[in-house]
There are 2 protein chains.
Amino acid sequence: MAGSPSYKERKVITIGVVSELTGLSERQIRYYEERKLIFPERSPKGNRKYSFLDVEQLMDIANKREEGVQTYEIRQEMLRKERKEAKLNRKELLRGEINARFGIQRE
Amino acid sequence: MAGSPSYKERKVITIGVVSELTGLSERQIRYYEERKLIFPERSPKGNRKYSFLDVEQLMDIANKREEGVQTYEIRQEMLRKERKEAKLNRKELLRGEINARFGIQRE
DNA sequence: CGTGTAAGGAATTCTGACACG
DNA sequence: CGTGTAAGGAATTCTGACACG
């Protein structure tokens, strides 16, 4: 259930459509990739493909940019969140291992 | 909740990607549109755009075609299902109207 | 730093048509 | 009927660069 192939995550949208959807220029979208804020996949011949999640993230980025936040700051914030999530994941993993070894005690 | 703008229904996928996703040729995909089995939207400049739902429907169509079902048959089946659903919708609508006028009787 | 733009080429998509069957 | 293909043109996308600031 956590790893289901959701429509939201499938990378299938071309840059032109992403531009329509977000109101950002293709130049901006490519630049945010260069700054490692967004990670499209590539089609066999090299065309960028984005997911709906990417589109949402781009809209968040656009909002922050309008508030004057620099791409570098946005990047740092992203990394902080990732580390926090990784921490939570390790915690859950540990809990799972403990359960696997000692079983569920109650009942 | 029935009319939420789901990712599954948003028409954002170009024909090339749909071709990759379904394994169908672009020729086939355009032909099924001509036969009224599929209804892409168009971008401002006329490029077809499909949804994930369209992609799934195309895979269903592909399966039926492999079984030898003709596009005309597939079309008829589609229309039958649509009429059936329209009937159910009218039924629910009626139920709603009755409730609105007479209220929920129990309690 | 963030974005626009012109440049040149390659890949995409579109339509209408001919072909085969 | 269903699909392939060649045709010609228009729109898309890509990269690297110059510009401004």
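Each remark here, short or long, concerns the structure printed above.
Just so it is clear, the model here is predicted, and its values are computed rather than measured.

As a further point, take the protein's contact with DNA strand D. The environment of DNA strand D is made up of 20 residues, and the closest members are R48 of chain A together with S25, Y31, R35 and T71 of chain B. Restricting the count to atoms of DNA strand D within 4 Å of the protein gives a sugar and phosphate share of 80%. Counting only elements with at least two residues in the surface near DNA strand D, the list comes to α1 (15-22) and α2 (26-34) of chain A together with α2 (26-34) of chain B. Considering every element that reaches the surface near DNA strand D, the biggest residue donor is α2 of chain B, with four residues.

Attention now moves to the protein's contact with DNA strand C. Close to DNA strand C lie 19 residues, the nearest being S25, Y31, R35 and T71 of chain A together with R48 of chain B. Of all atoms in DNA strand C that approach within 4 Å of the protein, 81% are sugar or phosphate atoms. Here Y32 of chain A contributes a side-chain N or O atom positioned 2.9 Å from a phosphate oxygen of DNA strand C. At 3.1 Å, a side-chain N or O of R42 of chain B approaches a phosphate oxygen of DNA strand C. Every element with two or more residues in the surface near DNA strand C is listed here: α2 of chain A together with α1 (15-22) and α2 of chain B. In terms of residue count, the dominant contributor to the surface near DNA strand C is α2 of chain A (four residues). When the residues that make up the surface near DNA strand C are grouped by side-chain class, the tally is three nonpolar, eight polar and eight charged.

Residues and elements named next belong to chain B. Evaluation of the coordinates by the stated rule reveals 15 salt bridges over all chains. Residue K11 is joined to D54 by a salt bridge in which the shortest nitrogen-to-oxygen separation is 2.9 Å. Within this pair, whereas K11 is found in the segment before α1, its partner D54 is found in helix α3 (residues 52-66), the two being separated by 43 residues in sequence. Given a relative accessible area of 4%, D54 falls into the buried group. In this structure, R48 and E33 form a salt bridge, with 2.8 Å as the shortest nitrogen-oxygen distance. Placement of the pair is R48 in strand β2 (residues 48-49) and E33 in helix α2, with a sequence separation of 15 residues. The residues R48 and E33 share a single accessibility class, namely buried.

The rules behind each value
- Residues numbered from 1 in each chain as written.
- Chains lettered and ligands numbered in written order.
- Predicted model: local features only at pLDDT ≥ 70, side-chain atom pairs only at ≥ 80, totals over all residues.
- Heavy atoms only, no water.
- Near = heavy atom within 4 Å.
- Helix = DSSP H or I, 4+ residues; strand = E, 2+ residues; numbered from the N terminus.
- Polar contact = N/O pair within 3.5 Å; in protein donor to acceptor, adjacent residues only side chain to side chain.
- Nonpolar A, V, L, I, M, F, W, Y, C, P; charged D, E, K, R; others polar.
- Salt bridge = Lys/Arg side-chain N within 4 Å of Asp/Glu carboxyl O.
- Buried < 20%, exposed > 50% of the residue type's maximum accessible area, 1.4 Å probe, protein only.

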